[in-house]
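Reading the structure
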Amino acid sequence: MNQHEVLKQYVLRQGDTSLILAQRLCEWCGHAPELEIDLALSNIGLDLLGQARNFLAYAATLSDDKFDDEDKIAFHRDEREFCNLLLVEQPNGGFNDTLVRQFFMDAYHVPLYQALIHSRDEQLSAIAEKSLKEVLYHLRFSSNWMIRLGDGSEVSHQKIQQSVNQLWRFTGELFHADDIEIALAKTGIAVDPRTLHEQWLATVTDIFDQATLSIPDQNAYRLGGKQGLHTEHLGILLTELQFVQRAYPNCEW
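- An unreviewed UniProt entry annotates the protein chain as Phenylacetate-CoA oxygenase subunit PaaC originating from Providencia vermicola.

**Section: the overall build of the protein chain**
- Looking only at helices and strands, the protein chain features 10 helices and zero strands.
- Tracing the protein chain from N to C terminus, the helices and strands come up as α-α-α-α-α-α-α-α-α-α.
- For 253 residues, the compact-globule formula gives about 18 Å, and the C-alpha radius of gyration of the protein chain, at 18 Å, lands near that figure.
- Principal axes of the C-alpha set define a box for the protein chain whose edges measure 55 × 45 × 30 Å.
- The proportion of buried residues among the 253 residues of the protein chain is 54%.
- Taking as baseline every contact in the protein chain between residues at least 6 positions apart, the subset at least 24 positions apart corresponds to 79%.
- Taken as a whole, the protein chain presents about 12,000 Å² of accessible surface, with 51% of it coming from carbon and sulfur.
- Across the protein chain, the centroid of the 21 positively charged side chains sits 3 Å from that of the 37 negatively charged ones.

**Points about the state of the cysteines**
- According to the stated counting rule, one finds zero disulfides in the structure shown.
- Here Cys 26 stays free of any disulfide, with the sulfur of Cys 29 as its closest cysteine sulfur at 7.1 Å.

**Remarks on the pattern of salt bridges**
- Inspection of the entire model under this criterion finds 10 salt bridges.
- In this structure, Glu 181 and Lys 226 form a salt bridge, with 3.0 Å as the shortest nitrogen-oxygen distance. Separated by 45 residues along the polypeptide, Glu 181 in helix H7 (residues 179-186) and Lys 226 in the loop between helix H8 (197-211) and helix H9 (232-241) bring together distant segments of the chain.
- Where Asp 192 meets Arg 194, a salt bridge forms, and the shortest distance between an N and an O atom there is 2.7 Å.
- In this structure, a network of salt bridges that share partners links the residues Arg 13, Asp 178, Glu 181 and Lys 226.

**A look at unusual backbone geometry**
- Phi angles above zero are rare outside glycine, and Thr 212 is one such case at about 55°.
- Position of Thr 212 among the secondary structure elements: in the loop between H8 and H9.

**As for the side chain of Arg 77**
- Checked against the element boundaries, Arg 77 lands in the loop between helix H3 (70-75) and helix H4 (95-116).
- Since its relative accessible area comes to 3%, Arg 77 is described here as buried.
- Aside from chain neighbours lying at most four places away, what touches Arg 77 is Leu 12, Asp 16, Phe 67, Lys 72, Phe 82, Gln 242 and Arg 246.

**A few points about the nonpolar core**
- In terms of nonpolar packing, the biggest core is built from 78 residues, with Tyr 10, Phe 104, Tyr 108, Leu 124, Met 146 and Trp 200 touching the most fellow members.
- Element by element, the count of residues in this core is highest for H4, at 12 residues.
- Excluding residues within four positions of it along the chain, Tyr 108 makes contact with Leu 85, Leu 174, Phe 175, Leu 196 and Trp 200.

About the criteria used
Residues numbered from 1 in each chain as written. Predicted model: local features only at pLDDT ≥ 70, side-chain atom pairs only at ≥ 80, totals over all residues. Heavy atoms only, no water. Helix = DSSP H or I, 4+ residues; strand = E, 2+ residues; numbered from the N terminus. Rg over C-alpha atoms; globule rule 2.2 N^0.38 Å. Buried < 20%, exposed > 50% of the residue type's maximum accessible area, 1.4 Å probe, protein only. Contact = heavy atoms within 4.5 Å. Areas by Shrake-Rupley, 256 points an atom, 1.4 Å probe, with all protein chains shown as cover. Lys, Arg positive; Asp, Glu negative; His and termini not counted. Charge placed at Lys NZ, Arg CZ, Asp CG, Glu CD. Disulfide = S-S within 2.5 Å. Salt bridge = Lys/Arg side-chain N within 4 Å of Asp/Glu carboxyl O. Core = buried A, V, L, I, M, F, W, Y, C linked by side-chain atoms within 4.5 Å.

Laid out in structure tokens, this is it:
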């Protein structure tokens, strides 16, 4: 894989992760437990969609195949061609599951974009600078709700802790570095995800302490999303995300 292709794969990973998480959050539109939460989740989803578009549009400029624009990348690829993190494709479940998934990702996105601002790649740096302003708000939103529910009633605490226990196994992939990330990090273009773990864990520990939650003892062992090896949930999500373009190819509004 040449340097050009390596960069494209790295950019796709960022775009796919934001795209799939945006799709999950927007599934809540009209179904959230409160109007305020409904609007907040939809707005966060739209922020993530904007981030996805920026990354995927950049990936399209690096492509020398049929995926030469952001729409084709999003709507015409198959499941194994997506390289998003496994965590973001997990089902919404209850609000507790969505909240914990979002908090884990927000606590990851903040240090990621803080570091990516310093990339030697001007496009990646610009995307990170714009995205950081948004994910700082996302983290504030999810952190406040983690504390509110974790340190709330016995039932809310139990539900949040249960979600933490269920989703923890997917968090290890956030910090697993493969040859693509290591190679680009050495050139100052990408961020070595292993360097983000300390700040992520410090944020998680701080919020968990305030929310009276416990970090699970289990290992975070699930990997493969960045290499196209997904859980059974992504295929179902893509049937909804891609339906219109699959049913009516090249349609326009």
